[in-house]
Structures are given as structure tokens and as C-alpha cells.
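Analysis of the macromolecular model
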Amino acid sequence: MQWVFLGCPGVGKGTYASRLALGLRVPHIAMGDLVRQELKRDSPLSKELKDLVSRGKLLPDELVLGLLTKRLEEASANQDVGFILDGFPRTASQAKTLDSIASITLVVNLRLREDVLVAKCLGRRICSQCHGNFNVANVDVPETETLPRIFMPAILPPPRCLKKMTMRSDDTEEVIRERVRIYSQESRPVEDYYRAQGKLLDFEILGGIPETWPRLLSALNLQGKIANTSLVSAEKQKIAA
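This is a predicted model, so every value here is computed, not measured.

A few words on the sheet that holds strand β5 (residues 124–127). With respect to topology, three strands assemble into an open sheet ordered β6-β5-β9, the strand pairing being antiparallel. Among the strands making up the open sheet, the edge pair consists of β6 (133–135) and β9 (165–166). Alignment of β5 against β9, held across two bridges, turns out to be antiparallel. The partner of Cys-127 across the bridge, within β9, is Met-165.

With that out of the way, let us pick up helix α8 (residues 209–219). Burial in α8 covers these residues: Thr-212, Trp-213, Leu-216 and Leu-217. Down the axis of α8, the buried set is contained in an arc of 130°. They therefore lie on one face. Positive phi shows up at Asn-221, right after α8, with a value of about 55°.

This paragraph deals with the side chain of Glu-38. One can find Glu-38 in helix α2 (residues 31–39). Classification of Glu-38 by relative accessible area gives buried; the value is 5%. Reaching out from Glu-38, the side chain makes a polar contact with the side chain of Ser-43 at a distance of 3.1 Å. If sequence neighbours within four positions are ignored, Glu-38 has contacts with Ser-43, Leu-45, Ser-46, Leu-49, Leu-67 and Lys-70.

A few words on the packing of aromatic side chains. Enumeration over the complete set of coordinates arrives at one aromatic pair. Relative to Tyr-194, the ring of Tyr-193 has its centre 5.3 Å away and its plane inclined at 75°; by these criteria the two rings are edge-to-face. Like Tyr-193, the residue Tyr-194 is buried in the burial classification.

Cut-offs and rules
Per chain, the residues get numbers from 1 upward, laid out in the order the sequence is written. Per-residue local features are limited, in this predicted model, to residues with pLDDT of at least 70; the limit for side-chain atom pairs, both in listing and counting, is 80 or more; totals at the level of whole chains, interfaces and linings are taken over all residues. To obtain the side-chain values, all non-hydrogen atoms of the structure were included, while hydrogens and water were left out. Two strands are said to pair when DSSP picks up at least two bridges between them. Helix and strand definitions here come from DSSP, where helices need a minimum of 4 consecutive H or I residues and strands a minimum of 2 consecutive E residues; each element is numbered from the N-terminal end. Exposure classes here rest on a 1.4 Å probe applied to the protein chains alone. A residue is buried below 20% of its type maximum, exposed above 50%, and partly exposed in between. Taking the helix axis as origin, the arc is that swept by the directions to the C-beta atoms. In protein, a polar contact requires one atom able to donate a hydrogen and another able to accept it; more generally it is a pair of N or O atoms within 3.5 Å, and residues adjacent in sequence count only if both atoms are side-chain atoms. Throughout, a residue-residue contact means that at least one pair of heavy atoms, one from each residue, lies within 4.5 Å. Note on ring pairs: Phe, Tyr and Trp rings are taken, using the six-membered ring of Trp, and paired if centres are within 6.5 Å. Classes follow the plane angle, with under 30 degrees stacked, over 60 edge-to-face and the rest tilted.

The structure is reproduced here in C-alpha cells:
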């Protein structure tokens with residue numbers, strides 16, 4: 001089982017990928033985490049990455065692929081039965097290169113309307129003390145003749161965290177919409193690449209995690225194979241971290 005999760009930044013691909021990985025007992029490989037882990041090391045590669053990040057440059061494919069290849073080799077050495085990858089590939093050329101180092105069997109493409117995505121991202125909050133993730137946005141978009149209702153209730157912090165809420169500095173409407181624009185341009189060729197291979201599963205997000213989780217399991221034919229306890233366990237791990 002070698003799966004990829006695609007989706008615009010903020011859509012929740014890391015959330016659902018990590019929960020599925022926990023339930024299926026396979027590694028969740030997030031490219032952002034691999035880069036952050038490498039940045040903490042004292043190595044020539046770390047210095048090169050720090051220089052690129054400090055100048056706001058995109059990381060070259062060869063550096064990203066080097067980190068991913070190393071992580072996949074670790075998974076193979078650990079005799080893992082598969083993995084769920086998110087945050088990569090971002091371009092068609094990366095998708096083609098990925099095929100040379102892995103045998104991707106399924107690509108889940110999470111989709112969410114742009115207006116809802118913007119509202120959701122603007123509502124993101126992080127507790128500066130416990131590092132818990134919350135969302136103060138209460139999204140309720142009525143059904144129309146062509147579009148279904150989207151309801152995402154707020155995920156409010158407990159009283160002890162209320163005065164410690166922080167926002168990401170780049171969570172502004174202008175930045176979020178620019179992220180969406182760039183991602184849309186980059187992702188279309190990637191989606192087409194996997195669609196031509198018969199591996200792409202488009203999945204429309206219409207609600208919050210409690211509503212979306214069972215729908216996603218059904219779309220993946222995993223009903224009864226992953227209990228909702230994986231959702232609860234992942235949430236406990238996140239809060240405890």
C-alpha cells in the first residue's frame with residue numbers, strides 16, 4: 001500500500017493522511033516534516049536548506065527527492081508494509097520521478113471550495129502553550145441548486161487555552177488566495193498524470209472531521225477495517241504532543 005494525498009494547503013490532507021496511517025499501521029510521511037527535521041540537524045544538507053529557506057527560495061527537486069528517498073529506505077529497512085505520503089508530489093515532473101522510487105497505488109485528491117478553504121484557514125489557531133490546533137471559524141454555507149451545503153463547526157479551545165491563542169503570520173486572505181492560485185496551477189498536471197493512470201480518487205470535503213471521516217473510509221472501501229478509535233487516538237496524540 002503506497003498512497004499519496006493531494007490537496008490545497010489548508011484542506012486537511014495531513015490530518016486525514018495521519019489518521020488513516022494510524023488506523024492502517026503504516027508510516028505517514030509528510031514532506032514538510034522531513035524538511036523541518038533535516039533543518040534541525042547539523043549537516044551540509046541542513047545548511048543548504050537553511051540558506052534556501054531564509055531567502056524564500058523553493059527547494060530544488062533533487063534535495064526534496066533525496067530526503068524522500070532516504071525516508072523510504074528507512075521504511076523498507078523497518079519492513080513497513082507501505083506508507084501514506086502527503087505534501088509531495090507538487091509537479092508533474094516530481095510525480096514522474098516518484099514513480100522511479102516507489103510504486104504508488106492510489107492518489108487521494110482532497111477538494112474544498114475556495115471560499116470555504118479561505119474561511120477555514122483564517123480561523124486556524126494554535127495554543128502557544130500546549131501547541132494544540134483549533135479553529136474558531138464556524139462555516140455554514142447553504143445548499144444551492146448546483147452545490148451541496150457545507151457545514152464545518154468551530155473546533156474551540158478549552159478555557160485554559162483561550163488566552164494563549166496564536167495565528168500563523170501568513171494566514172491572511174491575500175496570502176491564502178495566492179497559495180490557492182499557485183497550487184491550482186501546479187496541481188492540475190499532477191492530477192491529470194495520475195488520472196491517466198487510473199489511480200486518482202477525487203474526494204469532495206463537505207463537512208468537518210466527524211462528518212468527513214466516515215465518508216472518506218467509505219470512499220476508500222475501509223468501512224469496518226478502521227475504527228473511529230483511530231480518529232480519537234490521533235486526536236489524543238496531537239493534544240499530548
